[in-house]
Amino acid sequence: QSSIRNKTFSLKEFEIDSIEDRAFDAANYLESLDFSLNNLKIIKPRIFLRLSNLKLLNLSNNLIETLESSHFTHLKNLQKLILSFNPITKIEENAFNNLEFLNELSLISCNIKVFNKNWFKNLKNIFRIDFTDNQIEKLENGTFIELKNSVILNFDKNRIKFIEIEVLMNMIRLDTLNLDLNYI
């Protein structure tokens, strides 16, 4: 006897304010999870523990303030991570380090002020990074040194005033760099 399991789970606009640790332990078959437009403020460290097949995670339009290094550790096959429209004030240095298959990272309108060059360490397959409409003033030298693929970088509507040439070094395959509506 075989059963077909839905590989997509959406709890969009349910006014959810918390998710229990290990809530998805029995759902390791999931490939897409959408918690957008809720009231999530805290991501507990073991929520996604057994979701090793997850390819898309949408946590946009919530109240998330902190991204810790433990949040996405077990999402080995994640390809797209959407965190846009959250009031993020802190992203730990290693928050995205274990996401080696990540293709797209979206942090649009998150009120991010400080940008850390170590966020992209080990993101060898990333091709789209979107930090549009934040408050980033500076990109550190060596920020994109780990990026090997053709990449689209969006930093529109930030507060960037100046970019040193070293920031873009080793990005021989940079496809697009959007810096519209900055202070350059």
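Structural notes, computed from the coordinates. Just so it is clear, the structure is predicted and the values come from calculations on it, not from any experiment.

What counts, and where the lines are drawn
- Residues numbered from 1 in each chain as written.
- Predicted model: local features only at pLDDT ≥ 70, side-chain atom pairs only at ≥ 80, totals over all residues.
- Heavy atoms only, no water.
- Helix = DSSP H or I, 4+ residues; strand = E, 2+ residues; numbered from the N terminus.
- Polar contact = N/O pair within 3.5 Å; in protein donor to acceptor, adjacent residues only side chain to side chain.
- Contact = heavy atoms within 4.5 Å.
- Salt bridge = Lys/Arg side-chain N within 4 Å of Asp/Glu carboxyl O.
- Buried < 20%, exposed > 50% of the residue type's maximum accessible area, 1.4 Å probe, protein only.
- Phe/Tyr/Trp six-rings, centres within 6.5 Å; stacked < 30°, edge-to-face > 60°.
- Pairing = 2+ DSSP bridges.
- Axes fitted to C-alpha atoms, helices over the stretch in contact; angles between N-to-C directions.

Further remarks concern the side chain of H71. For H71, the location among the structural elements is in the loop between β4 (66–67) and β5 (80–82). Here the side chain of H71 touches I43 through a polar contact of 2.7 Å, landing on its backbone oxygen. Within the structure, the side chain of H71 is placed 2.9 Å from the backbone nitrogen of E68, a separation counted as a polar contact. Apart from the residues within four sequence positions on either side, H71 is in contact with I43, K44, P45, F48 and T66.

So, about the pattern of salt bridges. The full count for this structure, using the stated rule, is six salt bridges. Measuring nitrogen to oxygen at the nearest pair gives 3.5 Å for the salt bridge that ties E31 to K7. With E31 in the loop between β1 (8–10) and β2 (32–34) and K7 in the segment before β1, this pair connects stretches of sequence that are 24 residues apart. Judged by its relative accessible area of 26%, E31 falls in the partly exposed class. E20 is paired through a salt bridge with K44; the nearest N and O atoms lie 3.7 Å apart. Separated by 24 residues along the polypeptide, E20 in the loop between β1 and β2 and K44 in the loop between β2 and β3 (56–58) bring together distant segments of the chain. Using a relative accessible area of 28% as the deciding quantity, one classes K44 as partly exposed.

Counting across every chain of the model gives 13 aromatic pairs. Relative to F120, the ring of F115 lies with its centre 5.7 Å away and its plane at 40°, an arrangement referred to as tilted. By relative accessible area, which is 0% here, F120 ends up buried. Every member of this aromatic cluster is reached through a ring pair, and the members are F115, W119, F120, F131, F144 and F155.

What follows covers the pairing of strand β9 (residues 151–154). Two elements, strand β8 (residues 128–130) and β9, share three bridges in a ladder whose sense is parallel. Bridged to I129 within β9 is L153. Here β9 pairs with strand β10 (residues 174–178) via four bridges, running parallel. Of the residues in β10, the one forming a bridge with V151 is L174.

The subject of this paragraph is the sheet that holds β8. Taken together, the eight strands give an open sheet; going across it, the order is β1-β2-β3-β5-β7-β8-β9-β10, and neighbouring strands pair in parallel fashion. Of all the strands in the sheet, just β1 and β10 have a single pairing partner and so form its edges. Averaged over all pairs of adjacent strands, the angle between their axes in this sheet comes to 5°, without regard to strand direction. In terms of strand pairing, β3 meets β5 through three bridges, oriented parallel. If you follow L57 over to β5, its bridge partner there is L81.

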